[in-house]
Structure formats: C-alpha cells, structure tokens
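Structural features, examined
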Amino acid sequence: MKQQTSIIPHSATQIATVLTEALPYIQRFKGKTLVIKYGGNAMTDEQLKSSFASDIVLLKLVGINPVIVHGGGPQIGSVLQRLGKTSEFIQGMRVTDSETMDVVEMVLGGLVNKEIVNLINRHGGSAVGLTGKDGQLVRARRLVATQLFKDADQPEIIDLGYVGEVESIDPSLLHMLIQSNFIPVIAPIGVGADGRSYNINADLVAGKMAEVLKAEKLILLTNTPGVLNKNGELLTGLTLPEVDALIEDGTISGGMIPKTRCATDALKAGVNSAQVIDGRTDHAVLLELFTDQGIGTLMLRR
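Bear in mind the structure is a predicted one, so any value in this text is a computation, not a measurement.

Considering the packing of aromatic side chains
The final tally for this structure, using the stated rule, is two aromatic pairs. Both rings, one in Tyr38 and one in Phe52, keep their centres 3.8 Å apart while their planes meet at 0°; by these two values the pair is stacked. Placement of Tyr38 in strand S1 (residues 33-38) and of Phe52 in helix H2 (residues 46-61) is noted, with a sequence separation of 14 residues between them. Arg142 extends its terminal NZ or CZ atom over the ring of Tyr162, reaching a point 5.2 Å from the ring centre.

Spelled out as structure tokens, the structure:
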C-alpha cells in the first residue's frame, strides 16, 4: 500500500507533469507499429541496455507495437579477434567469408539476439528472437560493391563474400507475433535463393522492415546526438530534399549516409517519420516519443 502524506513532494509533481505531457503522444501512437534499430553504445553499456529494455516494455503496455532490429558489429569483431581472425572492412562493410558468416550467425542470431530478448522479458515483456531466416522473413541477395581504382577505365567489382542486401520481406510471421502481443527482436541475417545466409546492414533491414510493416515511425539509435551540420550542431528537423543536399555537399558523410538513406527510402515508401537519436542517452526512446521537445533529428517527407 502507498504511504499517504498531506505534502506532495516536488518530484511527484514532476512525474505527474511528465505523464500529462506524454498522454497525447500515447494516444497518437496507440495501435501503431514502430520499427526501432538498436545498436551502438546502447547495446554495450549495462545501464543503457536496461533502460532500453524497460522503454520497449512500456511501449507495448500502452498499446504501441515495437519491432526491434539489432546490430552487433563490435560483438562480432570481438569474437573474431578471440578466434585469431582479422576483420577486414571495405567501404564500411565487413568482408564475410564462409567462416566469418558462421561467427556472424552465432553472435547475431544467438548471443546478441537472445541477450536482448532476455532483457526485455526480465523487464516484464514478451519478446521473441528471430533472424531473417525464420519463416523466410528476409530474403536476401548478394550485395555487389564496386570501386573505381586509379588509372582504371571502369569500376571493379569487389567480392565482399556473404554480405547481402534485402530482396524482399515476408511480414506474415511478424503480424502474427504482434497480434499475439509479442515483441519481435530481429537479427539482420537474410537467406538467399541458394539457401545461404547473408549478413545485412541492420539499418537497411530496419528501413525495409518499416516500409513493409507500414510503420508509423522508424527510429535509429546511434552514437551521435543525431544529424549534425558542419559546425557540429544538431539539425533537429530535415526534409527529403534537405537530406539529399546535405549528402551532396558532404555534411552527411561516413556511417551516417546509410542511416539517412534507409530513413529517406522508408519515408518515400510511406512511413510517416524517421528519427535518428542518441542511443547513449538514458531512456532515449521514451524521450523522443513522449516529450514535447523530443531528441535527435526528425526526418519528414516534406
């Protein structure tokens, strides 16, 4: 039983204010699907892992349907290092031979995926771990990368091994899980027409998943406050033409390019909004969804 008091603590008033502020956002997102790409520091810091799991459980309890797509690059690199295998990257993508693909499946589909599922379940949720191979959820094809070398007339095709891109997504299994009040947690491993497994960038899988599920919102957790201008200042809101211009002039570069590209592709396909937020912030997902100020960079079609 709660202890009754005639004096209302300041902290209790603050909590009531926060809940009141959150109410219209809860009403807005109730019954809607949100696709959340989970990666970066949020996956390695114990406090951040716990706050993320509790955020996801709260979303489900208030009637929102979160779908989690996770990465795990550092964890893969760590296991490869322990096995004495050097990681090679080309254009930011891990070269994935047959042996490396076995490690990717073990780490992403096993260790990392089940840890996330366990954390969510420990906080009172009902999470189910999947890879893109389950129920033929993610059909993949080999990614063809090219590079123009000095003094060459034509780009040369680079063999990245079992690195893939999304060919198609069958959401039947996800719809069944969502309707049964489960929280899907998806490792970005696809299966090709040849039955082989392919390692796919988690941002790209999350973007395509948002498109196919007709998600209300795509949220990408990163290790930066959001999209920054050339002075390092946060850009809080961007339209599709503005994102294209920032990529063209080099403001958006490196690893932020695939994140913004998957977000803009999702917007063009009908997702209402996409958000790049700082996964290093405690309860980042709740701060973005349920506060007037929000965090990160909001991207809209126009």
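Still more ground to cover, so stick around.
Quick notes on empty space enclosed by the protein
Summed over the entire model, instances satisfying the criterion amount to two cavities of 30 Å³ or more. Taken as a whole, the largest cavity holds about 50 Å³ of empty space. Along its surface, the largest cavity is lined by Ala42, Leu48, Ser51, Phe52, Asp55, Leu221, Gly279, Thr281, His283, Ala284 and Val285. Of all the secondary-structure elements, those providing two or more residues to the lining of the largest cavity are H2 and helix H9 (284-290). Broken down by element, the lining of the largest cavity gets its largest block of residues, four residues, from H2.

Details of the UniProt feature "binding site: substrate" (unreviewed entry) in the protein
Within the UniProt annotation, "binding site: substrate" (unreviewed entry) is assigned to Gly72, Gly73, Arg94 and Asn199. In summary, the annotated positions, though distributed over 128 residues, converge in three dimensions, the widest C-alpha pair being only 11.9 Å. Within the annotated group just given, the residues that line the largest pocket are Gly72, Gly73, Arg94 and Asn199. Tracing the backbone through its elements, the reader meets Gly73 in helix H3 (residues 73-82). For Arg94, the position within the fold is in strand S4 (residues 93-94). Here Arg94 falls in the buried class, since its relative accessible area comes to 10%. The residues contacting Arg94, other than those within four sequence positions of it, are Gly73, Ile76, Gly77, Leu80, Ser87, Glu88, Phe89, Thr100, Leu160 and Val163. A polar side-chain atom of Arg94 sits 3.0 Å from the main-chain carbonyl oxygen of Gly73.

Here's the deal with the nonpolar core
Grouped together as the largest cluster of nonpolar side chains are 83 residues, with contacts concentrated most on Val35, Ile36, Leu59, Ile120, Met209, Leu218 and Leu221. Element by element, the count of residues in this core is highest for helix H4 (residues 98-122), at ten residues. If near-sequence neighbours (up to four positions away) are discounted, Leu59 is found in contact with Leu34, Ile36, Ile64, Pro66, Val285, Leu286, Leu289 and Phe290. Counting residues in hydrophobic clusters, the runner-up holds six residues, among them Leu143, Ala145, Leu160 and Val163.

Rules used throughout
Residues numbered from 1 in each chain as written. Predicted model: local features only at pLDDT ≥ 70, side-chain atom pairs only at ≥ 80, totals over all residues. Heavy atoms only, no water. Phe/Tyr/Trp six-rings, centres within 6.5 Å; stacked < 30°, edge-to-face > 60°. Helix = DSSP H or I, 4+ residues; strand = E, 2+ residues; numbered from the N terminus. Lys NZ or Arg CZ within 6 Å of the ring centre and 35° of its normal. 1 Å grid on protein atoms, 1.4 Å probe; cavity = no way out; pocket = protein on both sides within 12 Å on 5 of 7 lines; lining within 4 Å. Points joined across faces, edges and corners; volume = space filled by probe spheres on them. UniProt positions renumbered as here; feature names shortened; annotations may be inferred. Buried < 20%, exposed > 50% of the residue type's maximum accessible area, 1.4 Å probe, protein only. Contact = heavy atoms within 4.5 Å. Polar contact = N/O pair within 3.5 Å; in protein donor to acceptor, adjacent residues only side chain to side chain. Core = buried A, V, L, I, M, F, W, Y, C linked by side-chain atoms within 4.5 Å.

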